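# Analysis of the macromolecular model
Listed here are the chains, written in short residue letters.
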Amino acid sequence: MKNAIFVLVVSLFFTNCTTSQENTPYQKEIKQFQYKLNTHYANPKESPLTKEDIKTFKSLAFFDINPKYRVKARLELTPDAPIFKMKTTTSRMPLYKKYGIAHFTLDGKELSLSIYQNQDLMNSLEYENYLFLPFNDTTNGTSSYGGGRFIDLEIPESPTDSIIIDFNKAYNPYCAYNANYSCPIPPSENNLPVAIPAGVKAYGKHH
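### Notes on the overall build of the chain
Secondary structure assignment for the chain yields three helices and seven strands. Listing the helices and strands of the chain from first to last along the sequence gives α-α-α-β-β-β-β-β-β-β. A total of 207 residues make up the chain; the buried ones form 42% of that total. Restricting the contact set of the chain to residue pairs at least 6 apart, pairs at least 24 apart contribute 61%. Accessible surface computed for the chain: about 12,500 Å², of which carbon and sulfur atoms make up 55%.

### Here's the deal with the pattern of salt bridges
Going through the model one piece at a time under the given rule, you end up with four salt bridges. For glutamate 29, the salt bridge goes to lysine 169, with nearest N and O atoms at 2.7 Å. Here glutamate 29 is found in helix H2 (residues 25-42), whereas its partner lysine 169 is found in the segment after strand E7 (162-166), with 140 residues between them in sequence. With relative accessibility at 36%, the residue glutamate 29 sits in the partly exposed group. Assessed through its relative accessible area of 26%, lysine 169 is described here as partly exposed.

### Quick look at H2
Taking 1.5 Å of rise per residue, 18 residues should cover 26 Å, and H2 covers 25 Å from first to last C-alpha, within 8% of that figure. All of the buried residues in H2 are Tyr26, Gln27, Ile30, Phe33, Gln34, Leu37, Asn38 and Tyr41. Projected down its long axis, H2 carries its buried residues within an arc of 130°, all on one side. Exposed residues pointing more than 90 degrees away from the buried face of H2 are listed as Pro25, Lys28, Tyr35 and Lys36.

### A short note on the nonpolar core
Phe104, Ile163, Ile165, Phe167, Leu192 and Ile196 are the most contacted members of the largest nonpolar core, which totals 24 residues. At the level of secondary structure, the elements contributing two or more residues to this core comprise strand E1 (70-77), strand E3 (95-106), strand E4 (109-118), strand E5 (130-135), strand E6 (149-154) and E7. Judged by nonpolar contacts, the second largest core, of 18 residues, contains Tyr41, Ile54, Tyr116 and Tyr130.

### Remarks on the packing of aromatic side chains
Two aromatic rings, taken as a pair, are described by how far apart their centres are and by the angle between their planes. Per the stated rule, a full pass over the model turns up 12 aromatic pairs. Here tyrosine 127 and tyrosine 130 contribute two aromatic rings whose centre-to-centre distance is 6.2 Å and whose plane-to-plane angle is 85°, an arrangement assigned as edge-to-face. Taking relative accessible area as the criterion, tyrosine 130 reaches 17% and is therefore assigned buried. The ring of phenylalanine 63 is capped by lysine 201, whose NZ or CZ atom sits 5.5 Å from the centre of that ring.

What counts and how
- Residues numbered from 1 in each chain as written.
- Predicted model: local features only at pLDDT ≥ 70, side-chain atom pairs only at ≥ 80, totals over all residues.
- Heavy atoms only, no water.
- Helix = DSSP H or I, 4+ residues; strand = E, 2+ residues; numbered from the N terminus.
- Buried < 20%, exposed > 50% of the residue type's maximum accessible area, 1.4 Å probe, protein only.
- Contact = heavy atoms within 4.5 Å.
- Areas by Shrake-Rupley, 256 points an atom, 1.4 Å probe, with all protein chains shown as cover.
- Salt bridge = Lys/Arg side-chain N within 4 Å of Asp/Glu carboxyl O.
- Expected span 1.5 Å × (residues − 1).
- Arc of directions from axis to C-beta.
- Core = buried A, V, L, I, M, F, W, Y, C linked by side-chain atoms within 4.5 Å.
- Phe/Tyr/Trp six-rings, centres within 6.5 Å; stacked < 30°, edge-to-face > 60°.
- Lys NZ or Arg CZ within 6 Å of the ring centre and 35° of its normal.

Encoded structure:
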């Protein structure tokens, strides 16, 4: 009887721990991000999925949410960077400018990623503060899409020397789901020599 009570208490303890970990404000924030992404992909009017795939679509596959992959980076602005044509999976060459370089540490390794600003979107009221962070990491082609992933950022509201990069919000380019799209290819300077098991997995990869 005593053993039974002990087992019950221990199981309740771990259940409560798991529940509390899953319901932190940060967990809820990322789950909301995932929900919005799934809603977008399930909508036939918006989805990049093929007509065949959308019929059976239920959810994208995500890596486990890990707060470790939300990093505060030192932001080095690059106002004198030239405008350049970013390569895509087609002949399309959209104009971008390097907004800055984010320097951060992950698992004891000093890393950096360039952040870009689309020159066409700069002229749009809706997207004038939009920043684009494409990257590759060593999970490419296995657990994540081989063509890299993207993170959406915004210009900080007030002048600052830091920016938050949340890899749990990394998503796949549309080309991961449908070859009819033209997608930016992450510049080689954004090839990370580490694994980033966070965000959206390769299409068809499940937990």
